[in-house]
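Each chain is listed here by its residues.
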Amino acid sequence: TLAFITEMIYHSIQKRKDIQFRIPQSENLKKDPPCDQNLTLFARVTEAITEQALYSDPDLDLISLSRQLGIPRNEISRAVNEGSGEHFNCFLNRFRINALKRLLENHENDDTSILTLAYKVGFNSKATLNRVFKSMEGISPQEYRKLHSC
């Protein structure tokens, strides 16, 4: 029964736009399929970050999330690594980038600076925003906004 529930959560998470699953690029990440316990924890972490918009806290890190959820940070880290194929910070930044993209696509925000929107979704520096956005999307936030300004 737990395996069925975990699989249902896993598949429902895969359908969400907020998360993109990728094959791990780091040699440090385990290549074994995720276990049920890690998938369940991954679903819980993902839900907490999404539903409570925890990603918008610029101070959120593995330690603070561990405290908030009452789960050891190494367990969260392992679950995120196995569930998403990414390290925690990259996983967290993916939520931020997706939230920023939604804001940039909303024409009500056309007069709001990209940096102001970036602060709303948890980025705390322009340099980090531009580096992370370009690495994940292949273009700058400014270019993304131009593409969606029509």
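Reading the values: the criteria
- Residues numbered from 1 in each chain as written.
- Predicted model: local features only at pLDDT ≥ 70, side-chain atom pairs only at ≥ 80, totals over all residues.
- Heavy atoms only, no water.
- Helix = DSSP H or I, 4+ residues; strand = E, 2+ residues; numbered from the N terminus.
- Buried < 20%, exposed > 50% of the residue type's maximum accessible area, 1.4 Å probe, protein only.
- Axes fitted to C-alpha atoms, helices over the stretch in contact; angles between N-to-C directions.
- Parallel < 35°, antiparallel > 145°, perpendicular 65-115°, else oblique.
- Contact = heavy atoms within 4.5 Å.
- Nonpolar A, V, L, I, M, F, W, Y, C, P; charged D, E, K, R; others polar.
- Phe/Tyr/Trp six-rings, centres within 6.5 Å; stacked < 30°, edge-to-face > 60°.

A. Focus on the environment of F95. Checked against the element boundaries, F95 lands in helix α5 (residues 88-105). Residue class for F95 comes out buried when judged on its relative accessible area of 2%.

B. The packing of helix α3 (residues 62-69) against helix α4 (residues 73-84), seen in detail. Closest axis-to-axis distance for the α3/α4 pair is 9 Å, and the angle between their directions is 110 degrees. Put simply, α3 runs roughly perpendicular to α4. Across the interface between the two elements, L62, I63, L65, S66 and L69 from α3 touch R73, I76 and S77 from α4. Looking at the contact of α3 with α4 residue by residue, the class counts come to five nonpolar, two polar and one charged.

C. Focus on the packing of aromatic side chains. For the coordinates displayed, the defined rule picks out four aromatic pairs. For the pair Y55 and F95, a centre-to-centre distance of 6.3 Å together with 10 degrees between the ring planes defines the contact as stacked. Of this pair, Y55 sits in the loop between α2 (36-51) and α3 while F95 sits in helix α5, placing them 40 residues apart in sequence. On the accessibility criterion, Y55 (12% relative accessible area) is buried.

D. Region of the structure containing unusual backbone geometry. The backbone phi angle of A53 is positive, close to 50 degrees, even though this residue is not glycine. Assignment of secondary structure puts A53 in the loop between α2 and α3.

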